[in-house]
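As a plain string of letters, each chain reads:
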Amino acid sequence: MTEAALGERGRLRGASATRRWWQRDVAGPLEYGRRLWLRLFVAAVFLLLYAPIITLMVFSFNDSRRNIVWQGFTTKYYVRAWNNASLIEAFINSLTIAVLATVISTIIGSMVALLLWRFRFPGKAAYEGFTALPIVIPEICMGVAMLAFFARIGWPTGMVWPLNLGAITIAHVAFCFPFVAIVVRARMAGFNRELEEASRDLGASEWQTFRNVILPYMRPGVVAGALLAFTLSLDDFVITFFTSGPDTVTFPVKVYSMVRFSVTPEVNAASTVLVVITIIATIFAVKFQAPDRPAET
Amino acid sequence: MDNWREHRAVFWILAAPGTFWLVVFFLVPLGFVWLLSFSEKTGIISIALTGTLENYARALEPIYLEIIWKSVWISAVATALCLVVAYPVAFVIAFAPGRWKTVLLLAVILPFWINLLIRTYALIAVFRTNGFVNWGLEFLWNKAAFMLGLVGLGGLMGEFRPLTLLYNNFAVIAGLVYVYMPFMVLPLYATIERLDKSYLEASLDLGAGHWRTFFSIVVPLTMPGIVSGIILVFIPCLGAFLTPDLLGGTNAQMIGNVIERQFKAANDWPFGAALSFLLMYATFGALALRSVLAGRRQGMEL
């Protein structure tokens, strides 16, 4: 019996028997999502997953340095974080790097995706493996590699803003573009290549076909990939920690140095801002990544 | 799919930037570290490539071997806990009705997007001496003492002593499970979702209970997802730096912390490079193992 049929049976039973509110609708054999203990377990997992972050965000509005008992609503820690010049500088650095890294890695990643989607070439499996490598190796290995690399080639330090962010941006692009490539390639897997052939048959050049046929289809994947790259870059701590210098502190690196001293509501406030930005970007990304509705196709 | 020879210009235009970036800003830096791991320090900042294996030999000294061993078992425990916690979650999501499925999946993925540092920091507030866990325990303790006091046994409970939950192995394992759980749920969900549900029905119809069906049918059939999940969680755990640094303090150091110290405070890059390449070899080993297992699986099905 299929799931649909099981669901159908459940509905019929619900309709035929006039069930009272105290009588439980008996779960079908495969309706594991309706077993109470499994439900409680999953609910507990989600609670544990979210409780720390939600308390962090709630207590950023708490009018007490002790940070554990609710004393009253205040936004003074946001004001204090806003007036913390080095924190704001770090935040601007993070945003600048994220924007630059997003633009570059979206272009490179989309090109790699198109390459892997369209062509058959010798050593393709190995090439795919190498492009996935920045995703799979431990972050710390990549961090120390970047540190050693920029030290070895003598990457100039102490340049004017924003040129001094170059090293971090390069490192971020290196781990962001493989993610973009995966997202865009997944999108392209659903592309009907007959459209491309039709375009060529009708006399369009390679560029015109790309511009007018492939790109419009690819766009949601590119946007989703760009948003993914943006949050990855904005959030990265480990790799940035190894590539940043004293005058190129990013937001996570700054928060790290603040956390090492103590747990303060100010850090809560700053973190809350970053979490909210991340969540907004994620929701947009999920929206763009969602498959087309049947009405559109 | 087109043959690259037929559209050489397009092929090279598409291939050039990605390949350039990958080679120059990823493979070359890794190559540097690899060479560093065979080098010797000849001065404060000068390093000479001598082809020595001493850095790897040093990693086998008892003090470092102990840290490596500790990293392995902490990662193994964290991975096992992730599996136990994530399996039911993935199972429920896979069997949930359509609309719920999307919501639950998003709820699993969302924490993964939130900054690792912030998630770890949030745990400090939960675990520290006057954090939420101890606060809750103290509350319960005082209530219990009050109740016992009513029947004249008030002295039995004594003073509440907060638990030390931070800066030990427990905190690191809890932190790793908390941070990497989504990595386990997603591959498990993907395989359970694809599972042919009629096998489950057949097993149940033939009289096997739910547990037996689970262990004899569901677990073997979802083994690829289990293996993927284990690798996806175990590798980042093994290389974790931030979680042991913030939650483990000096008492629960892992390989990541030792590597960081070699590259920053201790300034012994060749040794740090050797340690980070040991991590890389472990990663490659795990990935090779997965492809071997996947290959054998395909062979079985054919």
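From a predicted model like this one, the values you see are computed outputs, not experimental measurements.

Chemist: Whenever I open this one, the overall build of chain A confuses me. Can you help?
Modeler: For chain A, the count of helices and strands is twelve helices and one strand. Starting at the N terminus, the α and β elements of chain A follow one another as α-α-α-α-β-α-α-α-α-α-α-α-α. Here chain A holds 297 residues, and the buried ones make up 39% of them. Partitioning the intrachain contacts of chain A with sequence separation of at least 6 by distance along the chain shows that 77% fall at a separation of at least 24.

Chemist: Would you explain the overall build of chain B in this entry?
Modeler: The helix and strand tally for chain B stands at 13 helices and three strands. Against the 2.2 N^0.38 benchmark of 19 Å for 302 residues, chain B shows a C-alpha radius of gyration of 25 Å, more extended than a compact globule. C-alpha atoms of chain B, sized along the principal axes, occupy 85 × 65 × 35 Å. Burial statistics for chain B: of 302 residues in total, 40% are counted as buried. Expressed as a percentage of contacts within chain B between residues at least 6 apart in sequence, the contacts between residues at least 24 apart total 70%.

Chemist: What's the story with unusual backbone geometry in this structure? I'm lost.
Modeler: Across residues other than glycine, the phi torsion is negative in most instances, and most of the peptide bonds are trans. All names here are of chain B. In the Ramachandran plot, Asn267 falls in the positive-phi region, its phi being about 55 degrees despite a non-glycine side chain. Inspection of the secondary structure assignment puts Asn267 in the loop between helix 12 (255-263) and helix 13 (269-301). The class for Asn267 is exposed, based on 12 C-beta atoms found within 10 Å.

Chemist: I keep staring at the interface of chain B and chain A and nothing clicks. Help me out?
Modeler: By a frequent convention, interface size equals the accessible area lost on bringing the separate parts together. Between chain B and chain A, the residue contacts involve 71 residues of the former and 67 residues of the latter. Note: strand 1 (residues 119-120) of chain A against strand 1 (residues 2-3) of chain B, two bridges, orientation parallel. Opposite Phe119 of chain A, over in strand 1 of chain B, you have Asp2 of chain B as the bridge partner.

Chemist: I keep staring at the domain arrangement of chain B and nothing clicks. Help me out?
Modeler: According to the domain assignment, chain B contains domain 1 (55-129 + 164-301) and domain 2 (132-159). Look at where the C-alpha atoms of domain 1 of chain B and domain 2 of chain B centre, and you get two points 38 Å apart.

Chemist: Got a minute to help me understand the packing of helix 8 (residues 197-205) of chain B against helix 9 (residues 210-221) of chain B in this structure?
Modeler: How two helices pack is summed up by the angle between their axes together with the distance between the axes. All names here are of chain B. Interhelical geometry of helix 8 versus helix 9 gives an angle of 160 degrees and a closest axis separation of 10 Å. With respect to each other, helix 8 and helix 9 are oriented roughly antiparallel. Taken as a pair, helix 8 and helix 9 cross one another with a handedness that is right-handed. Of the residues in helix 9, those in contact with Tyr199, Leu200, Ser203 and Leu204 of helix 8 are Thr213, Ile217, Val218 and Leu221. Taken together, the residues of the contact of helix 8 with helix 9 break down into six nonpolar, two polar and no charged.

Chemist: What am I meant to see in the environment of Ala80 of chain B here?
Modeler: All names here are of chain B. Take Ala80: it is sitting in helix 3 (residues 62-95). Judged by the 15 C-beta atoms lying within 10 Å of it, Ala80 falls in the partly exposed class. The spatial distance from the C-alpha of Ala80 to the C-alpha of Phe234 is 9.2 Å, given a sequence separation of 154 residues.

Chemist: I'm lost on the domain arrangement of chain A in this one. Help?
Modeler: Residues and elements named next belong to chain A. On domain assignment, one finds that chain A holds domain 1 (23-79) and domain 2 (84-289). Taken together, the contacts link ten residues of domain 1 with eight residues of domain 2. Mapped by element, the contributors of at least two residues to the side of domain 1 that touches domain 2 are helix 2 (36-59) and helix 3 (76-83). Of all the elements, helix 2 adds the most residues to the side of domain 1 that touches domain 2, at four residues. A breakdown of the residues in the side of domain 1 that touches domain 2 according to their chemical character gives six nonpolar, three polar and one charged.

Chemist: Got a minute to help me understand the packing of helix 3 of chain B against helix 7 (residues 169-194) of chain B in this structure?
Modeler: All names here are of chain B. The N-to-C vectors of helix 3 and helix 7 enclose an angle of 40 degrees; their axes lie 6 Å apart at closest approach. As the angle between them shows, helix 3 and helix 7 are arranged oblique. Both helix 3 and helix 7 take part in a crossing whose hand is right-handed. Here the contact of helix 3 with helix 7 is composed, by residue class, of 25 nonpolar, one polar and one charged.

Chemist: Looking at this structure, how should I read helix 7 (residues 166-188) of chain A?
Modeler: For an α-helix, 3.6 residues make a turn, and residues three or four places apart therefore share a direction. In this model helix 7 of chain A runs 31 Å from its N-terminal to its C-terminal C-alpha over 23 residues, within 8% of the 33 Å that 1.5 Å per residue would give. The axis of helix 7 of chain A is deflected most strongly, by about 30 degrees, at Cys176 of chain A, and proline Pro178 of chain A appears within four residues downstream.

Chemist: Looking at this model, I keep getting lost on the confidence of the model for chain B. Mind explaining?
Modeler: Any region with low pLDDT has predicted coordinates that should not be read closely. The share of residues in chain B with pLDDT of 70 or more is 96%, and the mean pLDDT across the chain is 86. Interface confidence for the predicted complex, given as ipTM, is 0.84, next to a pTM of 0.83.

Chemist: Please clarify how the environment of Leu140 of chain B should be interpreted in this entry.
Modeler: Its location among the elements puts Leu140 of chain B in helix 6 (residues 132-150). For the pair Leu140 of chain B and Phe160 of chain B, spaced 20 residues apart in sequence, the C-alpha to C-alpha distance is 10.0 Å.

Chemist: Looking at this structure, how should I read the confidence of the model for chain A?
Modeler: Residue and element names in this part refer to chain A. Across chain A, pLDDT averages 82, with 84% of residues at or above 70. Per-element mean pLDDT across chain A ranges from 46 in helix 1 (residues 3-16) up to 93 in helix 4 (residues 85-118). Low confidence marks residues 1-17, where pLDDT is under 50. Its contacts with residues over four positions away, or in another chain, come to eleven contacts. Note that pLDDT drops below 50 for residues 293-297; the model gives that stretch one contact with residues more than four away or on any other chain.

Chemist: Please explain the environment of Pro252 of chain A as it appears in this structure.
Modeler: For Pro252 of chain A, the location among the structural elements is in helix 11 (residues 251-261). Setting aside residues no more than four positions away along its own chain, Pro252 of chain A makes contact with Asp235, Asp236, Phe237 and Thr240 of chain A together with Asn115 and Leu117 of chain B.

Criteria and cut-off values
Residues numbered from 1 in each chain as written. Chains lettered and ligands numbered in written order. Predicted model: local features only at pLDDT ≥ 70, side-chain atom pairs only at ≥ 80, totals over all residues. Helix = DSSP H or I, 4+ residues; strand = E, 2+ residues; numbered from the N terminus. Buried ≥ 20, exposed ≤ 12 C-beta atoms within 10 Å, placed from the backbone. Contact = placed C-beta atoms within 7 Å. Rg over C-alpha atoms; globule rule 2.2 N^0.38 Å. Pairing = 2+ DSSP bridges. Domains from an automatic or database assignment. Axes fitted to C-alpha atoms, helices over the stretch in contact; angles between N-to-C directions. Parallel < 35°, antiparallel > 145°, perpendicular 65-115°, else oblique. Left-handed = near helix turned anticlockwise from the far one by under 90°. Nonpolar A, V, L, I, M, F, W, Y, C, P; charged D, E, K, R; others polar. Expected span 1.5 Å × (residues − 1). Bend = angle between axes of the 7 residues up to and from the residue. pLDDT = per-residue confidence, 0-100.

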